[in-house]
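Tertiary structure, described
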Amino acid sequence: MKILLVRPKPSPDTIGLQHVMIVEPLELEILGGLAVEGGHDCRIADFILERSSLEKILTAYKPDVLAVTGYITNVPEMIDACRRAKAFNATIITIVGGVHCEVCPQDLDDRAVDYRVVRNAVQSFPALLASLSGNLAGQKAKPSAGILIPGVLAAGEALVEFQLPELDFSYHAPLRSLTAAYRHKYFYIFHDKVALLKTSFGCPYQCEFCFCRRITRGAYAERPLDQVIQELASIQEKEVYIVDDDFLVSPQRVRDFLKAIRGAGLGKSYLLYGRADFIAQNPGLIREFKELGLRTVIVGLESFFDAELERYAKGTDAKTNARAMEVLRENGVDCFATVIAAPDWGPAEFKACADKLIELGVNYVNLQPYTPLPGSGLDMKDDELLIPRSDFHKWDLAHLTIKPTQLSVADYYRQMLALYQRVLFQGSYLKEYFLKYKPRMWLKMLTGSARVRAQYLRKIKEAENA
């Protein structure tokens, strides 16, 4: 069969990330590798970068199957892609998947969606393709997914946990050649031409706000390091973004990884997620990692108020956050910090947060309003929400979803913009960017930041006119 794998373009209503980072669709490259291994022809259309329309690609490629993945913000676009495929040719089989589909498959139940992959995609997706391929060859009716393909729901079927298979953390190497036409445009903030690498699944910590732990039902599993190094050696790009929910979990595993990459002589540069307490407790490992290519750590500082950190079940405190930043600064490692802006923040809290970020020397911050994502277990009453659950485009961790208690919505967004302005546009940092990075990268960042600012200014105007 001919399989068209689609990554949808975000809606203009979704704030931010696509303006400052576009990375390869690793999940589609993995599915594509499985499809090709199963004897199918496969193509990836990345509509964040693709200039042709879906209809033009359908006309030229004539797929038997269209499969699309995305996040909560992409739900309408995923369904729309399936509807357009069916309108083009009603015999095209449509499949949807991705992390939101795994946790909230009911949001993607639509007449135009034939199948939803909700568990163990590395097993269920090729099994579904094999079943569909056999049916097409024999001109049989489509299978009932819930009966024949564990982990897949057919249209109209509801997710019933006990009927699903146990989680399986098997992995298949991505077929990166499927994104050859786009790879030169993938980047993450100041990391140019970046490739993605996944070495583990889930996270052993239980932060109260985190959606990621829901995807793996709280489980955590690591890939064998020999497989990780083999994949790493196959990556053409020098810049590698390790997309584990938390790469800095076990000191021994990090030591083993550093020993392996030193022995392999790979010469890569690394961006990864890591917790503040690991960084604070392991300065020697951070120093050694820096020598072997560590450039940036994305650190979920979350808050500088101990009461909030306790409420979030983060397992750290403000003192640990400060010590982690000290370790990163001492070793010349950049920090991209994430901070949760609580709905009860007022001007004093925003100012204290900005003061602390500046004091700690944070290079880059992503300020995320506290967001009770559907399926995360953070239940909120509808009258407490500013944005309906069905307004998927705005559940992007950038919109204000909960009514603030101290500020109007417009003033809350103004405080966010003021914090960004103070932290990100300090003269010393701007000078550093100009000297450290290629002109095309800091121009890209300035342009992206301006677009995000324009989106927030529109939010302020909307709130004032509401």
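Residues numbered from 1 in each chain as written. Predicted model: local features only at pLDDT ≥ 70, side-chain atom pairs only at ≥ 80, totals over all residues. Heavy atoms only, no water.

Here we take up the overall build of the protein. Check the secondary structure of the protein and you find 18 helices and 17 strands. Taken over C-alpha atoms, the radius of gyration comes to 22 Å for the protein, in line with the 23 Å a tight globule of 466 residues would show. The buried share of the protein, reckoned over its 466 residues, is 56%. Here the contacts in the protein between residues at least 6 apart in sequence split such that 75% fall between residues at least 24 apart. For the protein, the exposed surface amounts to about 19,900 Å²; the carbon and sulfur share of it is 54%. Taking the average place of the 57 positive charges on the side chains of the protein and the average place of its 57 negative ones, the gap between the two points comes to 6 Å. (Helix = DSSP H or I, 4+ residues; strand = E, 2+ residues; numbered from the N terminus. Rg over C-alpha atoms; globule rule 2.2 N^0.38 Å. Buried < 20%, exposed > 50% of the residue type's maximum accessible area, 1.4 Å probe, protein only. Contact = heavy atoms within 4.5 Å. Areas by Shrake-Rupley, 256 points an atom, 1.4 Å probe, with all protein chains shown as cover. Lys, Arg positive; Asp, Glu negative; His and termini not counted. Charge placed at Lys NZ, Arg CZ, Asp CG, Glu CD.)

This part is about helix H15 (residues 347–360). With 14 residues, H15 ought to run about 20 Å at 1.5 Å a step, and its terminal C-alpha atoms sit 20 Å apart, in line with that. Listed as buried for H15 are Phe350, Cys353, Ala354, Leu357 and Leu360. Along H15, the residues classed as buried sweep out an arc of 135° about the axis, all on the same side. The outward face of H15, more than 90 degrees from its buried face, is lined by the exposed residues Ala348 and Glu359. Where H15 is buried, its residues meet helix H14 (318–330), strand E16 (334–341), strand E17 (364–369) and helix H16 (409–424). (Expected span 1.5 Å × (residues − 1). Arc of directions from axis to C-beta.)

The next thing to look at is the packing of aromatic side chains. In the structure shown here, the tally under the stated rule is 19 aromatic pairs. Pairing Phe247 with Phe257 gives two aromatic rings, centres 5.1 Å apart and planes at 75°, and the pair type is edge-to-face. Of the two residues, Phe247 sits in the loop between strand E13 (239–242) and helix H10 (251–264) while Phe257 sits in helix H10, which places them 10 residues apart along the sequence. Residue classification places Phe247 among the buried residues on the basis of a relative accessible area of 4%. Feature note: the residues Tyr188, Tyr241, Tyr273, Phe336 and Tyr364 constitute an aromatic cluster, connected by ring pairs. Against the face of Tyr61 rests Lys2, its NZ or CZ located 4.6 Å from the ring centre. Geometry around Phe187 places Lys444 over its ring, the cationic atom sitting 4.5 Å from the centre. (Phe/Tyr/Trp six-rings, centres within 6.5 Å; stacked < 30°, edge-to-face > 60°. Lys NZ or Arg CZ within 6 Å of the ring centre and 35° of its normal.)

In space, the six strands of this open sheet follow the order E10-E13-E14-E15-E16-E17, with parallel pairing throughout. Both outer strands of the open sheet, strand E10 (194–197) and E17, are each paired with one neighbouring strand and no more. Within this sheet the neighbouring strands show an average axis-to-axis angle of 20°, counted without direction. Examined bridge by bridge, E10 and E13 share four bridges and lie parallel to one another. (Pairing = 2+ DSSP bridges. Axes fitted to C-alpha atoms, helices over the stretch in contact; angles between N-to-C directions.)

Moving on, we get to the pairing of strand E5 (residues 93–97). Burial of E5 is extensive: five of the five residues sit out of reach of the surface. Burial along E5 is two-sided: Ile93, Ile95 and Gly97 facing one way and Thr94 and Val96 facing the other are all buried. Pairing analysis gives five bridges linking strand E4 (residues 65–69) to E5, with the strands arranged parallel. What sits directly across from Val65, in E5, is Ile93. The handedness of the E4 to E5 crossover, carried by helix H4 (residues 75–88), is right-handed. As paired strands, E5 and strand E6 (residues 115–117) are joined by two bridges and run parallel to one another. In the strand pairing of E6, Ile95 is matched with Tyr115. (Right-handed = clockwise from strand over helix to strand, strands pointing away.)

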